[in-house]
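# Per-entry structural report
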Amino acid sequence: RRTKTIGIFSMSSMTDIIKNSNYINHTSGFLHNENKDLYATTYFNHKLDGDSREISASVDYYLYDTSREQHINNELSEPMLGNMNGKAYVYSAQADLIYGMNENWIINSGAKSAIVNLNNDAGYKRLLNNYWEYDGALGSLFAYNENINALYIQSEHKINNMQLTLGLRAEDTHVKGNLSGNTIQPDSSFTTSYLSLFPNIGMQVNFNNGNSLQFTY
């Protein structure tokens, strides 16, 4: 699936009256917006022997691309031209298994991996001597990368009128970011990695009158 949106917002204006002066400053701006996104997915499902046994898998891809061009005119300074661009890439894949040991015991397990890449940049130019020159004090470039890998397993048991659920999910996360500086702000970056565990336990008791009592952690 692909979509494209173009928006043009023209001529926003502002007037400033300088205190203790007869001078009036006029500021006008023009903004051109363009957004694109692309999404693709594929899905697989296979029934194994038995009604409660199956395996499934999916792969997804998403791209979001945005571009903005801004013109600013101010009577007290040179005209300015700004370009702001951003791209987001998302890749993910997962596989899941449902396996019924018997009519009262079902095991669910699976794995998922997701990658996110973000790139955003902003640059500004000023009109000096009839030439557009970059303003080194403005603008920056930000890059962000994230990778999460997860595994989970969950067991469901039915004992008479009671259902028990016990599971564990593990997530391994890696994150890296970098912000490029300019003539005023230096470069900066960060990197982090960590492992997280998410246990879960649940119990549900069904009564003969149709009511039920549920506990989840």
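Below is a short write-up of the structure.

Calculation rules
- Residues numbered from 1 in each chain as written.
- Predicted model: local features only at pLDDT ≥ 70, side-chain atom pairs only at ≥ 80, totals over all residues.
- Heavy atoms only, no water.
- Helix = DSSP H or I, 4+ residues; strand = E, 2+ residues; numbered from the N terminus.
- Buried < 20%, exposed > 50% of the residue type's maximum accessible area, 1.4 Å probe, protein only.
- Contact = heavy atoms within 4.5 Å.
- Areas by Shrake-Rupley, 256 points an atom, 1.4 Å probe, with all protein chains shown as cover.
- Patch = residues over 30% accessible without salt bridge, like charges linked within 9 Å, V, L, I, M, F, W, Y side chains within 5 Å.
- Salt bridge = Lys/Arg side-chain N within 4 Å of Asp/Glu carboxyl O.
- Pairing = 2+ DSSP bridges.
- Phe/Tyr/Trp six-rings, centres within 6.5 Å; stacked < 30°, edge-to-face > 60°.
- Lys NZ or Arg CZ within 6 Å of the ring centre and 35° of its normal.
- Lys, Arg positive; Asp, Glu negative; His and termini not counted.
- Polar contact = N/O pair within 3.5 Å; in protein donor to acceptor, adjacent residues only side chain to side chain.

### Digging into the overall build of the chain
Along the chain, the regular secondary structure elements total 0 helices and 10 strands. Helices and strands appear in the chain in the N-to-C order β-β-β-β-β-β-β-β-β-β. Expressed as a percentage of the 217 residues in the chain, the buried residues total 21%. Once local pairs closer than 6 in sequence are excluded, the contacts in the chain between residues at least 24 apart make up 57%. Split by element, the accessible area of the chain, about 15,000 Å² in all, is 56% carbon and sulfur.

### With respect to a nonpolar patch on the surface
Side chains of Leu166, Ile201, Met203, Phe215 and Tyr217 sit close together on the surface and give an oily, nonpolar patch of about 550 Å² of accessible area. Summarising the element assignment, Tyr217 is placed in the segment after strand 10 (212–216).

### Structural notes on the pairing of strand 7 (residues 140–159)
Where strand 5 (residues 105–128) lies against strand 7, 18 bridges are found, and the strand directions are antiparallel. Directly across from Ser113, in strand 7, lies its bridge partner Asn149. Two elements, strand 7 and strand 8 (residues 162–180), share 19 bridges in a ladder whose sense is antiparallel. Among the inter-strand pairings, Ile153 is bridged to a residue of strand 8, identified as Leu168. Between strand 7 and the antiparallel strand that follows it, strand 8, lie 2 residues; Asn160 among them carries a positive phi value of about 55°.

### What about the pattern of salt bridges?
For the structure on display, the rule yields 4 salt bridges. The closest approach of N and O atoms between Glu171 and Arg169, which form a salt bridge, is 2.9 Å. On the basis of relative accessibility, which here comes to 19%, the residue Glu171 falls in the buried class. By relative accessible area, which is 29% here, Arg169 ends up partly exposed.

### Considerations on the packing of aromatic side chains
Under the definition given, this model contains 3 aromatic pairs. Between the aromatic rings of Phe142 and Tyr144, the centroid separation amounts to 6.5 Å while the plane-to-plane angle is 25°, which identifies the pairing as stacked. Taking NZ or CZ as reference, Arg53 lies 4.3 Å from the ring centre of Tyr99, over its face.

### A short note on the environment of Met80
Note that Met80 resides in strand 4 (residues 80–102). Assessed through its relative accessible area of 14%, Met80 is described here as buried. For the pair Met80 and Leu127, spaced 47 residues apart in the sequence, the C-alpha separation amounts to 6.5 Å. When neighbours within four sequence positions are excluded, Met80 is seen to be in contact with Gln70, His71, Ile72, Tyr124, Lys125, Arg126, Trp132 and Leu138.

### So, the side chain of Asp96
Within the secondary structure, Asp96 sits in strand 4. Buried charged residue Asp96 carries no salt bridge. Nearest counter-charge: Arg169, at 7.3 Å. In terms of polar contacts, Asp96 uses its side chain to reach the side chain of Gln94, at 2.9 Å. In terms of polar contacts, Asp96 uses its side chain to reach the side chain of Tyr152, at 2.8 Å. Apart from the residues lying within four places of it in its own chain, the contact partners of Asp96 are Glu54, Ile55, Ser56, Ser109, Gly110 and Tyr152.

### Let's talk about the pairing of strand 4
Across 22 bridges, the pairing between strand 4 and strand 5 is antiparallel. Bridging from a neighbouring strand, Asp96 pairs with Gly110 of strand 5.

### Focus on the side chain of Thr165
Checked against the element boundaries, Thr165 lands in strand 8. We classify Thr165 as buried; its relative accessible area is 18%. Not counting chain neighbours up to four residues away, the residues in contact with Thr165 comprise Gln154, Ser155, Glu156, Asn200, Ile201 and Gly202.

### Re the environment of Arg169
With respect to the element layout, Arg169 can be found in strand 8. Arg169 sits 15 residues away from Gln154 along the chain, and the two C-alpha atoms are 8.5 Å apart. In this structure, Arg169 is in contact with Ala150, Leu151, Tyr152, Ser196, Leu197 and Phe198, ignoring residues within four places of it in sequence. Engagement of the side chain of Arg169 in a polar contact is seen with the side chain of Glu171, the distance being 2.9 Å.

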